[in-house]
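# Coordinate analysis (summary)
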Amino acid sequence: MKQSLLKMSDLSKSDIDDILNLAVQLKYETKNGIAHPYLAGKTLGMIFQKSSTRTRVSFEVGMYQLGGHALFLSSRDLQIGRGEPVEDTARVLGRYVDAIMIRTYSQKEVEDLAKYSGVPVINGLTDYEHPCQVLADLMTIREYKGTLEGLKLCYIGDGNNMANSLIVGGLTVGMSVAVACPKNHLPHPDALAFAENYPGKLLVTQDVKEAAKDADVLYTDVWASMGMEAEVEQRMQDFKGYQINAEIEALAKPDVIVLHCLPAHREEEITADVFERHAGEIFDQAENRMHVQKAVLVNLMG
Ligand code: CP
Ligand code: NVA
């Protein structure tokens, strides 16, 4: 595995297998009260330029369970929020902490942090990708289906950070991926270019029904991501129909699982009935954030 986790394409199929296998072990140890202080004495700095419930809590509790310590660093309080350059913040933090997790807007900022800090950096969500989420998603799919290879993953909604990382992660582990999104909200060109290495395995369509047909996994995310608040009204128009509802669910395989990275907006990207019918899977998915991130932390800091 590389020194940092900046995007899904940093990971090979065998890196992902290793992370998921360790995550399963750590989940078992956590649930059975078996201590696993693999990061005793280590500190993770966590920079947040956007809100978070799952990412913040799962990293902080995960570091504690590994015997280490996590520092919550809100950009509202850091000098970075007052214009201190990321190169300087990086060179300072790299002298105090053993690794940095960052949630921000620009992917370049995360890449720069890795370049200048000299310590492992983990992308905790940018406008471009959300790799920690996709690792938890793959872990959850493997738990429910027993395998990843050969499954059909259908993503319905915005061609955003989730779509980009699901395309790359899904294809890497041998799934086929179908994305239904409006023409003016396509996934990032880099994610589409990545798919050229997997001929015939990615479908991008405006036809929600075609994408959902015979899917093993249905996945959606909010229509307006963090930072897009000014576009909400326009997006409510653009994404009408790009919804997981009972009709779409019925087109998928009978044993389909439905996933959502959360937070969810009921009756927008997913109906309340489908959400509640699949709440078991969705909250296992949220829980798995912690187990899989602990595996990433052990790999990068252990
Ligand atoms: N899914 C996810 O990253 O949740 P938070 O925004 O609450 O961290
Ligand atoms: N696409 C969403 C994901 C939240 C976890 C966002 O960026 O806000």
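What comes next concerns the included structure. (Residues numbered from 1 in each chain as written. Chains lettered and ligands numbered in written order. Predicted model: local features only at pLDDT ≥ 70, side-chain atom pairs only at ≥ 80, totals over all residues. Heavy atoms only, no water.)

Residues in contact with ligand 1, as listed here, are S52, T53, R54, T55, R103, H130, Q133, C261, L262 and R289. Within the side chain of H130, one N or O atom sits 2.8 Å away from an oxygen atom of ligand 1. Isolated, ligand 1 exposes 260 Å² of accessible area, and the fraction of that covered by the protein chains is 95%. Its residues assigned to classes, the shell around ligand 1 shows two nonpolar, five polar and three charged. (Near = heavy atom within 4 Å. Polar contact = N/O pair within 3.5 Å; in protein donor to acceptor, adjacent residues only side chain to side chain. Areas by Shrake-Rupley, 256 points an atom, 1.4 Å probe, with all protein chains shown as cover. Nonpolar A, V, L, I, M, F, W, Y, C, P; charged D, E, K, R; others polar.)

Relative to each other, helix α3 (residues 86–96) and helix α4 (residues 107–117) sit at 45°, their axes nearing to 8 Å. Taken as axis vectors, α3 and α4 run oblique relative to one another. The hand of the α3/α4 crossing is right-handed. Listed contacts from α4 to V86, E87, A90, R91 and G94 of α3 are E109, D112, L113, Y116 and S117. Its residues assigned to classes, the contact of α3 with α4 comprises four nonpolar, two polar and four charged. (Axes fitted to C-alpha atoms, helices over the stretch in contact; angles between N-to-C directions. Helix = DSSP H or I, 4+ residues; strand = E, 2+ residues; numbered from the N terminus. Parallel < 35°, antiparallel > 145°, perpendicular 65-115°, else oblique. Left-handed = near helix turned anticlockwise from the far one by under 90°. Contact = heavy atoms within 4.5 Å.)

A separate point is the nonpolar core. Most often, soluble globular proteins keep nonpolar side chains buried together rather than apart. Grouped together as the largest cluster of nonpolar side chains are 57 residues, with contacts concentrated most on L135 and L297. The residues contacting L135, other than those within four sequence positions of it, are L5, M8, L11, I16, I19, L20, V292 and V296. With 24 residues, the next largest nonpolar core counts V208, I248, V256 and I270 among its residues. (Core = buried A, V, L, I, M, F, W, Y, C linked by side-chain atoms within 4.5 Å. Buried < 20%, exposed > 50% of the residue type's maximum accessible area, 1.4 Å probe, protein only.)

Moving on to the packing of helix α1 (residues 13–31) against helix α5 (residues 131–145). Relative to each other, α1 and α5 sit at 70°, their axes nearing to 10 Å. By the angle between their axes, α1 is roughly perpendicular relative to α5. Contacts between α1 and α5 involve I16, D17, I19, L20, N21, A23, V24 and K27 on the former and, on the latter, L135, L138, M139, R142 and E143. Each residue belonging to the contact of α1 with α5 can be placed in one class, and the counts come to eight nonpolar, one polar and four charged.

Compared with an ideal rise of 1.5 Å per residue, which puts twelve residues at 16 Å, helix α6 (residues 161–172) spans 17 Å between its outermost C-alpha atoms and is within 8% of the ideal. Most of α6 sits out of view: twelve of its twelve residues are buried. When α6 is considered as a whole, its buried residues turn out to be N161, M162, A163, N164, S165, L166, I167, V168, G169, G170, L171 and T172. Between the side-chain oxygen of the N-cap and the backbone nitrogen of M162 there are 3.0 Å, and the N-cap of α6 in question is N160. The positive-phi residue at the C-terminal boundary of α6 is G174, with phi of around 95°. (Expected span 1.5 Å × (residues − 1).)

L125, H130, N160, N161, D221, V222, S225, M226 and L262 make up every residue found near ligand 2. One of the side-chain N or O atoms of D221 is found 2.6 Å from a nitrogen atom in ligand 2. M226 places a polar main-chain atom, nitrogen or oxygen, 2.8 Å from an oxygen atom of ligand 2. Expressed as a share of its isolated accessible area of 270 Å², the protein-covered part of ligand 2 is 94%. Residue classes in the shell around ligand 2 are distributed as four nonpolar, four polar and one charged.

To continue, consider the packing of aromatic side chains. How two aromatic rings sit relative to each other is given by the distance of their centres and the angle of their planes. Taken as a whole and judged by the stated rule, the model has six aromatic pairs. For the pair Y155 and Y219, a centre-to-centre distance of 6.1 Å together with 35° between the ring planes defines the contact as tilted. In this pair, Y155 sits in strand β5 (residues 152–156) while Y219 sits in strand β8 (residues 217–220), placing the two residues 64 residues apart along the sequence. Like Y155, the residue Y219 is buried in the burial classification. On the basis of an interplanar angle of 15° and a centroid distance of 6.1 Å, the ring pair of W223 and F239 is categorised as stacked. Here the residue W223 occupies a position in the loop between β8 and α9 (232–238), and F239 occupies one in the loop between α9 and α10 (246–251), the gap between them amounting to 16 residues. Accessibility classification places W223 together with F239 in one group, the buried group. Aromatic rings pair up to connect W223, F239 and Y242 into one cluster. (Phe/Tyr/Trp six-rings, centres within 6.5 Å; stacked < 30°, edge-to-face > 60°.)

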